[in-house]
Amino acid sequence: MRTSLPLRAAAGALLLVAVAAGCSSKADDADKVAVTATETACEVATTDLAPGSTTFSVTNDGDQVTEVYVYGEGDRIEGEVENVGPGTSRDLTVDLDEGTYEVACKPGMTGDGIRTEITVGS
Amino acid sequence: MFSNYLIGLREGLEAALVVGILVAYLVKTGRKEKLAPIWIGVGFAIAVSLGFGAVLTYGSSTLTFEAQEAFGGVMSILAVGFVTWMIFWMRRTARSMKSELHGKLESAIALGPLALAVTATIAVGREGLETALFLWTNIEATGQSAQPIVGAVLGLLTAVVLGYLIYRQAVAIDLARFFTITGAALIVVAAGVLAYGFHDLQEAGILPGLTTTAYDITSWYSADSWYGTLLKGVFNFSPNPTVLEVVVWFAYLVPTMFLFFRGSRSTTPAPAPAPAPPEDLTAAGTRTPVAS
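Note that the structure is predicted; figures quoted are calculated from it, not measured. (Residues numbered from 1 in each chain as written. Chains lettered and ligands numbered in written order. Predicted model: local features only at pLDDT ≥ 70, side-chain atom pairs only at ≥ 80, totals over all residues.)

## Focus: the interface of chain A and chain B
Okay, so step 1: Taken together, the contacts link 29 residues of chain A with 33 residues of chain B.
Okay, so step 2: Tallied by class, residues from the side of chain A that touches chain B come to seven nonpolar, 15 polar and seven charged.
Okay, so step 3: Alignment of strand β1 (residues 23-25) of chain A against strand β1 (residues 61-63) of chain B, held across three bridges, turns out to be antiparallel. Note on β1 of chain B: the bridge partner recorded for Cys23 of chain A is Leu63 of chain B. (Contact = placed C-beta atoms within 7 Å. Nonpolar A, V, L, I, M, F, W, Y, C, P; charged D, E, K, R; others polar. Pairing = 2+ DSSP bridges. Helix = DSSP H or I, 4+ residues; strand = E, 2+ residues; numbered from the N terminus.)

And the structure:
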């Protein structure tokens, strides 16, 4: 199989551009909002946030694998992290406009999750 | 540790299965010299995934959610294209081999090493980034405990061992059964991947219907059990798929199975309705196109 070199190079470049376009910045450690996920709770350190980019630092203190979603209106997914094993931490960065959202922790990666409301406003 | 083990196992299973079958095929048909491109493809996918994962974990950049899901969705659909092509290419080769006397395998079909390498790369790389992020997270956690990363690595190693066992089993059966079984198995796997890819695109908001669930058995089915892990890892089985996922699964599986099992005297079948028509790959650069 011979695909032309220019074609392959173009495909590679396109992929890089797409990835670059999808990049955004994480917050500094000091600005991260801690989310503690356990079997029965989903604690968000700060529930009143400023609009724009927020980085949640999710720690799984339970003993099941969890995933954390940030849901907007109508359960629209603003962001998610999956496969957060017990005893590990993952960052979740979302860009949120003014409004109310829910942070959902799903131990066992199933169901509607344990939800905590957060408000984004000026 | 067991939960992390299950995730490692699940993430590695599908790639191990696809690569195991591909390697078995090459060994069985006496094309061992073509193995190198596969390992290069696998190595490349692992290196890029780990590298990219490290940048995202330890750096100050992150991928937007939409970009992540779109990437996953596109990669999944690409993977299905390549695996479908691989299935029908194996079948074409099988037919030309059956007509050879005395088992001399001089197939006129030349397979470019690039096609093999890319198939292997995509099979491993499809879930590669997600797995890499998961691994780096667990490595980060070694400050508190080594259990997560140990569990994860053991899970991945188990997947590799299972892939190897499947390879051994596949090489041991006779050629005709080999093609039938592995072809059918890969079609089922590919259907799951395609459904999963569409789900990713639904999560990214590129396709609608994310909340339209076809069925939900999560009341008794546990996705992070051993059976949930195996079913998800091999078949991408979801206990609560969307309607689109289910439709896509059948829409791929039924025609592809039909085309695959259609009588041996038929003309070369067109690839199943996968978005990337793989026919171009073999037609473009082969030395002697086979009229089969």
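## Digging into the packing of helix α1 (residues 2-28) of chain B against helix α7 (residues 175-203) of chain B
All names here are of chain B.
Okay, so step 1: At their nearest, the axes of α1 and α7 sit 11 Å apart, and the two run at 155° to each other. Taken together, the axis directions place α1 and α7 in an arrangement best described as roughly antiparallel. For the pair α1 and α7, the crossing hand works out as left-handed. Residue-level contacts link Glu14, Leu17, Ile21 and Lys28 of α1 to Leu175, Phe178, Thr182, Leu186 and Val189 of α7.
Okay, so step 2: Per-class residue counts for the contact of α1 with α7 are six nonpolar, one polar and two charged. (Axes fitted to C-alpha atoms, helices over the stretch in contact; angles between N-to-C directions. Parallel < 35°, antiparallel > 145°, perpendicular 65-115°, else oblique. Left-handed = near helix turned anticlockwise from the far one by under 90°.)

## Considering the nonpolar core
Okay, so step 1: Judged by nonpolar contacts, the single largest core of 96 residues is most densely connected at Val68 of chain A together with Val19, Leu22, Val83, Ala120, Ala190 and Leu194 of chain B.
Okay, so step 2: Ranked by residues supplied to this core, first place goes to α1 of chain B with 15 residues.
Okay, so step 3: Residues within four places of Val19 of chain B in sequence aside, it is in contact with Ile38, Val42, Ala120, Ala123, Val124 and Gly163 of chain B. (Core = buried A, V, L, I, M, F, W, Y, C linked by C-beta atoms within 7 Å. Buried ≥ 20, exposed ≤ 12 C-beta atoms within 10 Å, placed from the backbone.)

## Structural notes on the sheet that holds strand β3 (residues 42-44) of chain A
Residues and elements named next belong to chain A.
Okay, so step 1: In space, the four strands of this open sheet follow the order β3-β2-β5-β8, with mixed pairing throughout. Looking at which strands have only one partner, the edges of the open sheet turn out to be β3 and β8 (89-96). Ignoring which end each strand starts from, the neighbouring axes of this sheet average 25° apart.
Okay, so step 2: Taken together, the eight bridges between strand β5 (residues 52-60) and β8 define a ladder with antiparallel strand orientation. By the bridge assignment for β8, Phe56 is matched with Leu92.

## Let's talk about unusual backbone geometry
Okay, so step 1: Of note, the phi angle at Asp75 of chain A is positive, near 60°, even though the residue is not glycine.
Okay, so step 2: Along the polypeptide, Asp75 of chain A turns up in the loop between β6 (66-71) and β7 (77-84).
Okay, so step 3: The class of Asp75 of chain A is exposed, set by 12 C-beta atoms lying within 10 Å.
Okay, so step 4: Of note in this structure, Asn236 of chain B is not a glycine but carries a positive phi near 55°.
Okay, so step 5: Structurally, Asn236 of chain B can be placed in the loop between α8 (226-235) and α9 (243-261).
Okay, so step 6: Under the C-beta neighbour-count criterion, Asn236 of chain B is labelled buried, with 24 such atoms within 10 Å.

## Some thoughts on the pairing of β6 of chain A
For a regular strand, side-chain orientation follows a simple rule: the groups alternate between the two sheet faces.
All names here are of chain A.
Okay, so step 1: Summarising burial for β6: five of the six residues are buried, a large majority.
Okay, so step 2: Sheet topology note: the β6/β7 ladder contains five bridges and is antiparallel. Each bridged residue has a counterpart across the sheet, and for Val70 the counterpart in β7 is Gly79.
Okay, so step 3: Where β6 meets strand β9 (residues 99-107), six bridges bridge the pair, whose relative direction is antiparallel. Each residue of the ladder has a partner; that of Val68, found in β9, is Cys105.

## Re α1 of chain B
Given 3.6 residues per helical turn, the α-helix brings residues three or four places apart onto the same face.
Residues and elements named next belong to chain B.
Okay, so step 1: Relative to the 39 Å expected for 27 residues at 1.5 Å per residue, α1 spans 36 Å between its end C-alpha atoms, a close match to the ideal helical length.
Okay, so step 2: The sharpest bend along α1 measures roughly 35° and falls at Leu13.
Okay, so step 3: Where α1 ends, the next residue or the one after it, Gly30, has phi of about 70°, a positive value. (Expected span 1.5 Å × (residues − 1). Bend = angle between axes of the 7 residues up to and from the residue.)

## Brief notes about the environment of Val81 of chain A
Residues and elements named next belong to chain A.
Okay, so step 1: Here Val81 is to be found in strand β7.
Okay, so step 2: Note on Val81: 25 C-beta atoms within 10 Å, which makes it buried.
Okay, so step 3: The contact partners of Val81, leaving out residues within four places of it in the chain, are Val58, Glu67, Val68, Arg90 and Leu92.

## A closer look at the confidence of the model for chain B
Residue and element names in this part refer to chain B.
Okay, so step 1: For chain B, the average pLDDT comes to 80, and 83% of its residues sit at 70 or higher.
Okay, so step 2: Across chain B, the element-wise mean pLDDT spans from 45 in helix α10 (residues 279-285) up to 94 in α9.
Okay, so step 3: Counting interchain partners and residues more than four positions distant, the pLDDT-below-50 stretch residues 264-272 has 18 contacts.
Okay, so step 4: Here residues 276-292 is modelled with pLDDT under 50, and outside its nearest four sequence neighbours on either side it reaches 35 contacts, counting other chains as well. (pLDDT = per-residue confidence, 0-100.)

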